[in-house]
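Residue-level listing of the chains:
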Amino acid sequence: MENLSITVISDLHCHPTEDGIDDTYLKTDLLRTPSAEHPVESVVQLIKENNITSDLTLCPGDFTNKSNKQGFISGWEFSLEIHKALNGKEIIATLGNHDIDSFGVISDYCFEVARGIKKGFPIKDENLLDTFWSKGSVFIEGENYRVLAINSSHFHYTKSTSEYGKVGDETLEYIESYLSKIEDSKITIALSHHHPVDHSRLKLGEKDKIVNGNELLEIIGKYKFDLFIHGHKHDPLLRYHTCYSNNHKIPILSAGSFSATSNITFSGQRNTFHKIDIIKDNGIVKGTIQTWTFLPRSGWKVRYDDEGFHSHTGFGFSGKVEELALKIINEVGSSHLMKWIDIIQKFPEVKYLIPTEAIEFSKIINEKGLRLDEKIWQNPEVISNTNLI
């Protein structure tokens, strides 16, 4: 059995106050006090107070905004600071569209700043870095994990090509060739900035997804990847993509934004910081996700916002939601009240429902007269049978 914990920091959009743009909580010159006003100071305190640790810190890009050099340098430094607080094994990043000087403001070479950041950006291994820059992606191997870091901004040489993500034929061939030689059961994760499938809800647009995204998913689906994490949309969302060649379901997590404020303006979505715990047993992967939300003057907290991303969710449930709900309804039976933790111990698969499945599950048990004292994504304590009242 393999276990892996991950934290995700995405879309910081860090920049100085004086650049005239006001679309992030994370300014390079922001004072650390009051701590609840500073997303990094606040999250470091959260990590220490709750003894949060993780094996991997994954960063899906957009450390800065509009290729601001100081914002990029500070955004990566902030990410390293959070990773250090988590006492993790490795931090792995990729580039977002805002990290690339595709408008030629700083130099004629759009990757000049990104390649000059150093300090282990976006990965610490110098040999693997060469592959990342030349192939547009690279595999990072850990003892029990394999991360495919994809540079979906690899073709952002001009203003017009910066409007969408892309993986080229050379990248696809490299990924297929690499995976064809692998025979192990590591936990496998793909990381990119742009989304490989359509993410146009909340009027967020359709033109910016990864070109060749379907081909990419079919290749990693052929080798049964366990999770795909991306940034860019500032809209946290968890769903499955089913590969047409073998029906393998890949959980796709849109991480949302750590500190940008444009998401609040455009979609009403709050800022997010995720901790993911994954278990892989005999090739079957299950995971749970805890999510904290940032608000000025109160910092990072678990918030129960029905309009936001579920504070506690999961992935990897492979059965039918209705059948699971009926099993739990039967378990409650003629009891007036049962502890929810006892239900979880008997039916642990209920922890691995994605948000849409959790909503479906809640609807079914409610229709049968069962009630949780809190919603299933809000850590309920008891389940009651209102038919007996």
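Residues numbered from 1 in each chain as written. Predicted model: local features only at pLDDT ≥ 70, side-chain atom pairs only at ≥ 80, totals over all residues. Heavy atoms only, no water.

Some words on the overall build of the protein
To keep things clear, this is the line we draw: Segments assigned H or I by DSSP are reported as helices when at least four residues long, segments assigned E as strands when at least two residues long, and all are numbered from the N terminus. Our radius of gyration looks at C-alpha atoms and nothing else; its globule reference is 2.2 Å times the residue count to the power 0.38. Working definition: with a 1.4 Å probe on protein chains only, accessible area under 20% of the residue-type maximum means buried, over 50% means exposed, and in between means partly exposed. Note on contacts: a residue pair is in contact if any heavy atoms of the two residues lie within 4.5 Å. Throughout, the Shrake-Rupley method with a 1.4 Å probe supplies accessible areas, and for residues the shown protein chains are the sole cover considered. Neither His nor the chain ends contribute to the count of charged residues, in which Lys and Arg are positive and Asp and Glu negative. A charged residue contributes its charge at one atom only: NZ of Lys, CZ of Arg, CG of Asp or CD of Glu.
Within the protein, the regular secondary structure consists of 10 helices and 16 strands. Radius of gyration (C-alpha) of the protein: 21 Å, near the 21 Å computed for a compact globule of 389 residues. Viewed in the frame of its principal axes, the protein has a C-alpha envelope of about 75 × 50 × 40 Å. Burial analysis of the protein (389 residues in total) assigns 56% to the buried set. Taking the intrachain contacts of the protein between residues at least 6 apart in sequence as the baseline, contacts between residues at least 24 apart amount to 68%. Element-wise, carbon and sulfur atoms account for 48% of the exposed surface of the protein, whose accessible area totals about 17200 Å². Charge centroids of the protein, computed over 42 positive and 54 negative side chains, lie 2 Å from each other.

Here's the deal with unusual backbone geometry
Of the consecutive residues T33 and P34, the connecting peptide bond is found in the cis state with omega at -5°. Among the secondary structure elements, P34 is positioned in the loop between strand 1 (2–8) and helix 1 (39–49). Here the bond from F121 into P122 is cis, since omega is -10°, no more than 30 degrees from zero. As for its position among the elements, P122 is in the loop between helix 3 (112–116) and helix 4 (126–135). The phi dihedral of H13 falls on the positive side, at around 50°, and the residue is not glycine. Within the secondary structure, H13 sits in the loop between strand 1 and helix 1. Look at H13 and you get buried, because its relative accessible area is 4%. Its identity as a non-glycine residue notwithstanding, S67 has a phi of 50°, on the positive side.

Some remarks on the packing of aromatic side chains
For clarity, the threshold we go by: Side-chain rings of Phe, Tyr and Trp, where Trp is taken by its six-membered ring, are said to pair if the distance between their centres is within 6.5 Å; with planes under 30 degrees apart they count as stacked, over 60 as edge-to-face, and otherwise as tilted. Look at NZ for Lys and CZ for Arg. If either is within 6 Å of the ring centre and within 35 degrees of the ring normal, a charge sits over the ring.
All chains considered together, the criterion is met by 19 aromatic pairs. The interplanar angle of 85° and the centroid separation of 5.9 Å between the aromatic rings of F111 and Y157 together place this pair among those described as edge-to-face. Here Y157 lies in the loop between strand 5 (145–150) and helix 5 (169–179) and F111 lies in the loop between strand 3 (90–93) and helix 3, a separation of 46 residues in the sequence. Under the relative-accessibility criterion, Y157 is labelled partly exposed at 47%. Taken together, a centroid distance of 3.9 Å and an interplanar angle of 5° make the contact between F139 and Y178 stacked. Taken as a pair, F139 in strand 4 (residues 137–141) and Y178 in helix 5 lie far apart in primary sequence, 39 residues in all. Classification of Y178 as partly exposed rests on a relative accessible area of 24%. Here K166 stacks its cationic end above the ring of F155, 4.6 Å away from the centre of that ring. When the ring centre of Y240 is taken as origin, the NZ or CZ atom of K249, which lies over that ring, is 4.2 Å away.

Thoughts on empty space enclosed by the protein
The gaps of empty space that remain are located by a probe, the size of a water molecule, rolled over the atoms. For the record, the criterion: A 1.4 Å probe that fits but cannot get out identifies a cavity on a 1 Å grid over protein atoms alone, an open set with protein on both sides within 12 Å along at least five of seven lines counts as a pocket, and a residue lines either if it has an atom within 4 Å of a point. Grid points are joined across faces, edges and corners, and a volume is the space filled by probe spheres set on the points. Under the scheme applied, nonpolar residues are Ala, Val, Leu, Ile, Met, Phe, Trp, Tyr, Cys and Pro; charged residues are Asp, Glu, Lys and Arg; polar residues are all the others, including Gly.
With the rule as written, the count across this model stands at 1 cavity of 30 Å³ or more. Reported here for the largest cavity is a volume of approximately 110 Å³. Together, P236, G268, Q269, R270, N271, T272, T293, R303, D305, E307, G308 and F309 line the largest cavity. Of the residues contributing to the lining of the largest cavity, the split by class is 2 nonpolar, 6 polar and 4 charged.

Section: a nonpolar patch on the surface
Rule in force here: Patch criteria: residues need more than 30% relative accessible area and no salt bridge. Like-charged residues are merged within 9 Å; nonpolar side chains of Val, Leu, Ile, Met, Phe, Trp and Tyr are merged within 5 Å. Each reported salt bridge corresponds to a side-chain nitrogen of Lys or Arg within 4 Å of a carboxyl oxygen of Asp or Glu.
Nonpolar side chains collect at one region of the surface, where F103, V105 and I106 lie side by side and expose about 310 Å² of accessible area between them. Inspection of the secondary structure puts I106 in the loop between strand 3 and helix 3.

A closer look at helix 10 (residues 355–367)
Short version of the rule: Given the number of residues in a helix, its expected span is that number minus one, multiplied by 1.5 Å.
Compared with an ideal rise of 1.5 Å per residue, which puts 13 residues at 18 Å, helix 10 spans 19 Å between its outermost C-alpha atoms and is within 8% of the ideal. When helix 10 is considered as a whole, its buried residues turn out to be P355, E357, A358, F361, S362, I364 and I365. Contacts made by the buried residues of helix 10 are with strand 8 (237–242), strand 13 (312–315), helix 8 (321–332), helix 9 (340–346), strand 15 (370–372) and strand 16 (382–385). Where helix 10 terminates, the next one or two residues include G369, which has phi positive at roughly 90°.

Things to note about helix 1
Of the residues making up helix 1, those classed as buried are P39, V40, S42, V43, V44, L46 and I47. Taken together, the buried residues of helix 1 touch helix 2 (69–86), strand 10 (271–281), strand 11 (284–295) and strand 12 (299–301). Once helix 1 ends, the next one or two residues include N51, with phi positive near 50°.

Comments concerning the packing of helix 5 against helix 6 (residues 213–222)
Short version of the rule: For helices, the fitted axis covers only the stretch in contact; all axes are lines through C-alpha atoms, and the angles between them, taken along N-to-C directions, range from 0 to 180 degrees. Working rule for angles: under 35 degrees goes down as roughly parallel, over 145 as roughly antiparallel, 65 to 115 as roughly perpendicular, anything else as oblique.
Two elements in contact, helix 5 and helix 6, have axes whose closest approach is 10 Å; the angle formed by their N-to-C orientations is 5°. Judged on the interaxial angle alone, helix 6 and helix 5 are roughly parallel. Two secondary-structure elements touch here, helix 5 through L172, I175, E176 and L179 and helix 6 through E215, L216, I219, I220 and K222. In terms of residue class, the contact of helix 5 with helix 6 is made up of 6 nonpolar, no polar and 3 charged.

Details of the pairing of strand 16
Here is the rule we go by: Should DSSP find at least two bridges between two strands, the strands are taken to pair.
For strand 14 (residues 337–339) and strand 16, the ladder comprises 3 bridges, and the chain directions are antiparallel. Looking at strand 16, one finds that M338 is bridged to I383. Pairing geometry for strand 15 and strand 16, over 3 bridges, is antiparallel. Bridging from a neighbouring strand, L370 pairs with N385 of strand 16.

Points about the sheet that holds strand 16
Spatially, 14-16-15 is the arrangement adopted by the 3 strands of the open sheet, whose pairing is antiparallel. Among the strands making up the open sheet, the edge pair consists of strand 14 and strand 15. Strand-to-strand twist in this sheet, taken as the mean axis angle between neighbours without regard to direction, amounts to 20°. Against the sheet, helix 8 touches strand 14, strand 15 and strand 16, its axis set at about 75° to strand 16.

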